Amino acid sequence: MFEKEIVVDAKGHLLGRLASYVAKELLNGQKIVVVRCEGINISGSLFRNKLKFAEFLKKRMNTNPKKGPIHYRAPGRIFWRTVRGMIAHKTSRGTAAMDRLKCFEGIPFPYDHKKRMIVPDALKALRLKAFRKFCVLGDLATGAGWNKQNIVNTLEEKRKEKSRAFYEKKTKNQDLASKAISSTPELKSLQEKIAQFGY
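Model, not experiment: these values are computed from the prediction.

So, about helix H8 (residues 185-196). The terminal C-alpha atoms of H8, which comprises 12 residues, lie 17 Å apart, in line with the 16 Å expected from a rise of 1.5 Å per residue. A positive phi of about 85° marks Gly198, the residue just after H8.

What follows deals with unusual backbone geometry. A positive phi angle is found at Arg36, which is not glycine, with a value near 55°. Looking at the element boundaries, Arg36 is found in the loop between strand S2 (32-35) and strand S3 (41-43). Among the residues examined, Arg36 registers a relative accessible area of 15% and is labelled buried.

Bringing helix H7 (residues 149-183) into the picture now. An ideal rise of 1.5 Å per residue puts 51 Å on 35 residues; H7 measures up with 51 Å between its terminal C-alpha atoms. Every buried residue belonging to H7 is among Gln149, Val152, Glu156 and Arg159, and all of these are buried. Those residues of H7 hidden inside the fold are in contact with strand S5 (116-117) and helix H6 (137-144).

Bringing the nonpolar core into the picture now. Residues Leu18, Val22, Leu26, Val34, Phe79, Val83 and Leu101 are the most contacted members of the largest nonpolar core, which totals 34 residues. The set of elements that each furnish at least two residues to this core consists of strand S1 (6-9), helix H1 (15-27), S2, helix H3 (75-84), helix H4 (92-99), strand S4 (101-103) and H6. In terms of residue count, H1 provides more of this core than any other element does, 6 residues in total. Excluding its chain neighbours within four sequence positions, the residues that come into contact with Leu18 are Val8, Ala10, His13, Phe79, Val119 and Ala122. One finds Val7, Val35, Ile107 and Tyr111 within the second-largest nonpolar core, a separate group that totals 5 residues.

Looking now at the packing of aromatic side chains. Within this structure, the stated rule accounts for 3 aromatic pairs. With a centroid separation of 5.6 Å and 65° between ring planes, the pair formed by Phe53 and Phe56 is classed as edge-to-face. You can see Phe53 and its partner Phe56 sitting in helix H2 (residues 46-58), 3 residues apart, about one turn around the helix. For Phe56, a relative accessible area of 23% translates into the label partly exposed.

So, about the pairing of S2. Burial along S2 is two-sided: the face carrying Ile32 and Val34 and the face carrying Val33 and Val35 are both buried. Taken together, the 4 bridges between S1 and S2 define a ladder with parallel strand orientation. Paired with Asp9 across the bridge in S2 is Val35. The parallel pair S1 and S2 is bridged by H1, and the resulting crossover is right-handed. Where S2 and S4 come together, 3 bridges link them in parallel fashion. Opposite Ile32, over in S4, you have Leu101 as the bridge partner.

So, how was this worked out
- Residues numbered from 1 in each chain as written.
- Predicted model: local features only at pLDDT ≥ 70, side-chain atom pairs only at ≥ 80, totals over all residues.
- Heavy atoms only, no water.
- Helix = DSSP H or I, 4+ residues; strand = E, 2+ residues; numbered from the N terminus.
- Expected span 1.5 Å × (residues − 1).
- Buried < 20%, exposed > 50% of the residue type's maximum accessible area, 1.4 Å probe, protein only.
- Contact = heavy atoms within 4.5 Å.
- Core = buried A, V, L, I, M, F, W, Y, C linked by side-chain atoms within 4.5 Å.
- Phe/Tyr/Trp six-rings, centres within 6.5 Å; stacked < 30°, edge-to-face > 60°.
- Pairing = 2+ DSSP bridges.
- Right-handed = clockwise from strand over helix to strand, strands pointing away.

Laid out in structure tokens, this is it:
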């Protein structure tokens, strides 16, 4: 099922499971945009994952660290790197696949007006037992040196307010339209005729 572009809302998904589905779709030629990367979940406690990330930060080139492994701190880039690890990114096919991926913290302008998808097989609520410990990627990134969490949270609050206002206006207009159709016999008969054709 190919679409021009799929927007995935990453909040509440498990990091590795979501990354594997995204990687497969990218290799199949699908363009994917992943939003709200700061809301991704990782199994295991925050303390445990901080220790694992600290070990990862130690891995560097001894003589010239800037050439060595790059340790991204932003949640979007952490997810991007996780996907890259599942793709043969040094081949031309892998490079082309990685070019089809975009990752963002929060939901920036063009994508806040688009329909967002989820991946049920990667949801924490469906894949992790309720008593298991987990942590949020945004908290882990903040502990590792990402300093934009407060800004992202502020912008997300503004976006949610605008979204709520838009939804209330939309439902109000839909109610008015349905009342107008039901109260006018001519419109009601036309609506019944249109419904026969599946509209």
